[in-house]
Amino acid sequence: MADRKIVLGVDPGTIVTGFGVVSEEKGRLEALGWSSVRTSPRAPLAERLSEIHAEVVRQIEIHRPDEVAVENVFQARNVKSALMLGHARGVALLAAAQAGVDVFEYAPREVKLSVVGTGSATKAQVASMVSRLLGVATEEMRDDESDAIAVAICHIHKMSGASIR
């Protein structure tokens, strides 16, 4: 189905990385799946990054996305937080590049604006709009998973020139 596009959204983090897979066909969005990988904050950083990389690779193998959308670094509370987030993003970008999948990056405010209509939306508002747009119960997902789905939806909106549907 050439008209169907599958996007893997990634909400990176060194403790929890969320994944959301969304398809778009003829303007209709469908959630194909969501999950997350939780690493131990006590594990060495290299070990956590290896787990995240392996899970991104697994998600790409399972869902065969046409494109991967990754949330960009936000203004972290401190430099160390931003650096840690950057490491998680880096392994996600690497996994997609190794698989030959095009990668797109979006700032958190851009994701919220595209999905909710305001760049200052709360996590609860993002989850609620994800639920409305895809007809799924967000109680079934963690915040990182609904955020990852929102990243995928944002990408689909940006590529189609649309906004909230």
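That block above? That's the structure.
Cut-offs applied
Residues numbered from 1 in each chain as written. Predicted model: local features only at pLDDT ≥ 70, side-chain atom pairs only at ≥ 80, totals over all residues. Heavy atoms only, no water. Helix = DSSP H or I, 4+ residues; strand = E, 2+ residues; numbered from the N terminus. Buried < 20%, exposed > 50% of the residue type's maximum accessible area, 1.4 Å probe, protein only. Areas by Shrake-Rupley, 256 points an atom, 1.4 Å probe, with all protein chains shown as cover. Pairing = 2+ DSSP bridges. Salt bridge = Lys/Arg side-chain N within 4 Å of Asp/Glu carboxyl O. Axes fitted to C-alpha atoms, helices over the stretch in contact; angles between N-to-C directions. Parallel < 35°, antiparallel > 145°, perpendicular 65-115°, else oblique. Contact = heavy atoms within 4.5 Å. Nonpolar A, V, L, I, M, F, W, Y, C, P; charged D, E, K, R; others polar. Expected span 1.5 Å × (residues − 1). Arc of directions from axis to C-beta.

Asks: Explain the overall build of the chain to me, using residue names and the numbers behind them.
Replies: On a plain count of helices and strands, the chain comes out with five helices and five strands. Counting from the amino terminus, the chain carries its helices and strands in the arrangement β-β-β-α-β-α-β-α-α-α. Its C-alpha atoms give the chain principal-axis dimensions of about 45 × 35 × 25 Å. Looking at the 165 residues of the chain, the share that counts as buried comes to 48%. Summed over its atoms, the accessible surface of the chain is roughly 8200 Å², and 50% of this surface lies on carbon and sulfur atoms.

Asks: So what's going on with the pairing of strand β4 (residues 67-71)? Which residues, and what values?
Replies: The buried fraction of β4 amounts to five of the five residues, a majority that puts the element mostly inside the structure. Of the two faces of β4, both are covered, the one formed by Glu67, Ala69 and Glu71 as well as the one formed by Val68 and Val70. Taken together, the five bridges between β4 and strand β5 (residues 102-106) define a ladder with parallel strand orientation. The residue of β5 that forms the bridge with valine 68 is valine 103.

Asks: Provide a residue-level description of unusual backbone geometry, including the pertinent values.
Replies: Even without glycine at this site, lysine 26 takes up a positive phi of about 55°. A positive phi angle is found at arginine 64, which is not glycine, with a value near 45°. As for its placement among the helices and strands, arginine 64 is situated in the loop between α1 (45-63) and β4.

Asks: Lay out the pattern of salt bridges with the relevant residues and their values.
Replies: This structure, assessed with the given rule, holds six salt bridges. Linking lysine 123 and aspartate 147 is a salt bridge whose minimum nitrogen-to-oxygen distance equals 2.4 Å. Linking lysine 123 in helix α4 (residues 123-134) with aspartate 147 in helix α5 (residues 143-160), this pair joins segments that are 24 residues apart in sequence.

Asks: Outline the pairing of strand β3 (residues 28-38), supporting the account with residue identities and numerical values.
Replies: For a regular strand, side chains alternate in direction, first toward one face of the sheet and then toward the other. Sheet topology places strand β2 (residues 16-25) next to β3; ten bridges connect them, and they run antiparallel. Considered in β3, the bridge of glutamate 25 is made with arginine 28. Once β2 ends, the chain turns through two residues before running back antiparallel as β3, passing lysine 26 with a positive phi of about 55°.

Asks: Mind laying out the packing of helix α3 (residues 108-115) against α5, listing which residues take part and the relevant values?
Replies: At a minimum axis distance of 9 Å, the contact between α3 and α5 shows a crossing angle of 70°. Accordingly, the angle class assigned to the pair α3 and α5 is roughly perpendicular. Across from Glu110, Val111, Ser114 and Val115 in α3, the residues of α5 making contact are Ala150, Val151, Ile153, Cys154, His157 and Lys158. Partitioned by chemical class, the residues of the contact of α3 with α5 number six nonpolar, two polar and two charged.

Asks: Could you give an account of α5, with specific residues and numbers?
Replies: Taking 1.5 Å as the rise per residue, α5 with 18 residues should run 26 Å; its terminal C-alpha atoms sit 26 Å apart, in good agreement. In terms of residue burial, α5 counts as a mostly covered element, since 14 of its 18 residues are buried. Glycine 161 sits one or two positions beyond α5 and adopts a positive phi of about 80°.

Asks: For α3, give the residues involved together with the corresponding values.
Replies: Of the residues making up α3, those classed as buried are Pro108, Val111, Ser114 and Val115. Take α3 and look down its axis: the buried residues cluster within an arc of 135°, on one side only. The inward-facing, buried residues of α3 abut β4, β5, α4 and α5. With its phi angle positive at about 105°, glycine 117 sits one or two positions after the end of α3.

Asks: Give a description of the environment of serine 120 that names residues and reports values.
Replies: Within the element layout of this structure, serine 120 appears in the loop between α3 and α4. The exposure class of serine 120 is exposed, given its relative accessible area of 53%. Spatially, the C-alpha atom of serine 120 lies 9.5 Å from that of glutamate 110, the residues being ten residues apart in sequence. If we ignore the near neighbours within four places in the chain, the residues touching serine 120 are Arg109 and Gln125.

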